[in-house]
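Structure at a glance
Residues per chain, in single letters:
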Amino acid sequence: MDSLLIHQQANDLVQNFGTRNIKKIALNVGMEISETDCFHELLGLFAFQWHNHMVFINQSIDKYTKQMVCGYAVGHYLGHPNLNSVKKQNAFASHLMLDSSEIYNLTKRGLDAAQIATLKRIHPNLVLVKLLELYRMGYDLRHYYDQHHAFIECFHLPA
């Protein structure tokens, strides 16, 4: 996966629209967003017919998961040739919604993924994806690893 290219494509979109708000981005690229109670186990559905591009989101899921579903649909809608897998769609969504420098600085301050997710009001999985993407892009995350390794060591788990 070319993390740098995905990062650049997402940030270009953020620059063009002046926001990281995923619903505003979706509307600006011409998508329609609807919440529905028709889904039971499905988080959402991206559909298109002629010139109509729609994302249907399960209304019973929490707002953070709704953001994640919408971000995934935006990546799918834009149809970038290097976004042909779920992992890449989620990486694209994480780059759209989270600023790399800000997330990196939060880890330097000692915050973990759950704390960052709460602070940023975003699904924890997108924070984890973003951290993985930062690592792939060459960010030095040894401080983050060391912090969590020390925490695990406190439990004296058998090897």
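Our subject is the structure that appears above.
Here is a short report on the structure shown in this document. (Residues numbered from 1 in each chain as written. Predicted model: local features only at pLDDT ≥ 70, side-chain atom pairs only at ≥ 80, totals over all residues. Heavy atoms only, no water.)

On to the packing of aromatic side chains. A full pass over the atoms with the stated rule returns 1 aromatic pair. Centroid distance Tyr-104 to Tyr-139: 5.2 Å. Interplanar angle 55°. Geometry classified as tilted. Here Tyr-139 lies in the loop between helix H7 (124-136) and helix H8 (142-153) and Tyr-104 lies in helix H5 (residues 100-108), a separation of 35 residues in the sequence. Look at Tyr-104 and you get buried, because its relative accessible area is 16%. (Phe/Tyr/Trp six-rings, centres within 6.5 Å; stacked < 30°, edge-to-face > 60°. Helix = DSSP H or I, 4+ residues; strand = E, 2+ residues; numbered from the N terminus. Buried < 20%, exposed > 50% of the residue type's maximum accessible area, 1.4 Å probe, protein only.)

Looking at chain direction, strand E2 (residues 44-49) and strand E3 (residues 52-58) are connected through 6 bridges and run antiparallel. Across the sheet, the residue bridging to Ala-47 is Met-54, located in E3. In sequence, E2 turns back onto E3 through a hairpin of 2 residues, with Trp-50 there showing a positive phi of about 55°. (Pairing = 2+ DSSP bridges.)

To continue, consider the sheet that holds E3. With mixed pairing, 3 strands are arranged side by side in an open sheet as E1-E3-E2. Single-partner strands in this sheet number two, and they are strand E1 (31-36) and E2. Each strand axis lies, on average, 20° off the axis of its neighbour in the sheet, ignoring direction. Summarising the sheet, E1 and E3 pair through 6 bridges and their orientation is parallel. Pairing of Glu-32 across the sheet is with Met-54, part of E3. Docked against the sheet, helix H3 (residues 63-78) engages E1, E2 and E3, running at close to 155° with respect to E3. (Axes fitted to C-alpha atoms, helices over the stretch in contact; angles between N-to-C directions. Contact = heavy atoms within 4.5 Å.)

In this section: the pattern of salt bridges. Inspection of the entire model under this criterion finds 6 salt bridges. Its salt-bridge partner being Arg-20, residue Asp-99 comes within 3.4 Å of it at the nearest N-O pair. Of the two residues, Asp-99 is situated in the loop between helix H4 (86-97) and H5 and Arg-20 in the loop between helix H1 (3-17) and helix H2 (22-28); the sequence distance between them amounts to 79 residues. Taking the relative accessible area as the measure of exposure, Asp-99 reaches 28% and is therefore partly exposed. The exposure class assigned to Arg-20 is partly exposed, which follows from its relative accessible area of 25%. Arg-136 serves as the salt-bridge partner of Glu-133, at 3.2 Å between the closest nitrogen and oxygen. (Salt bridge = Lys/Arg side-chain N within 4 Å of Asp/Glu carboxyl O.)

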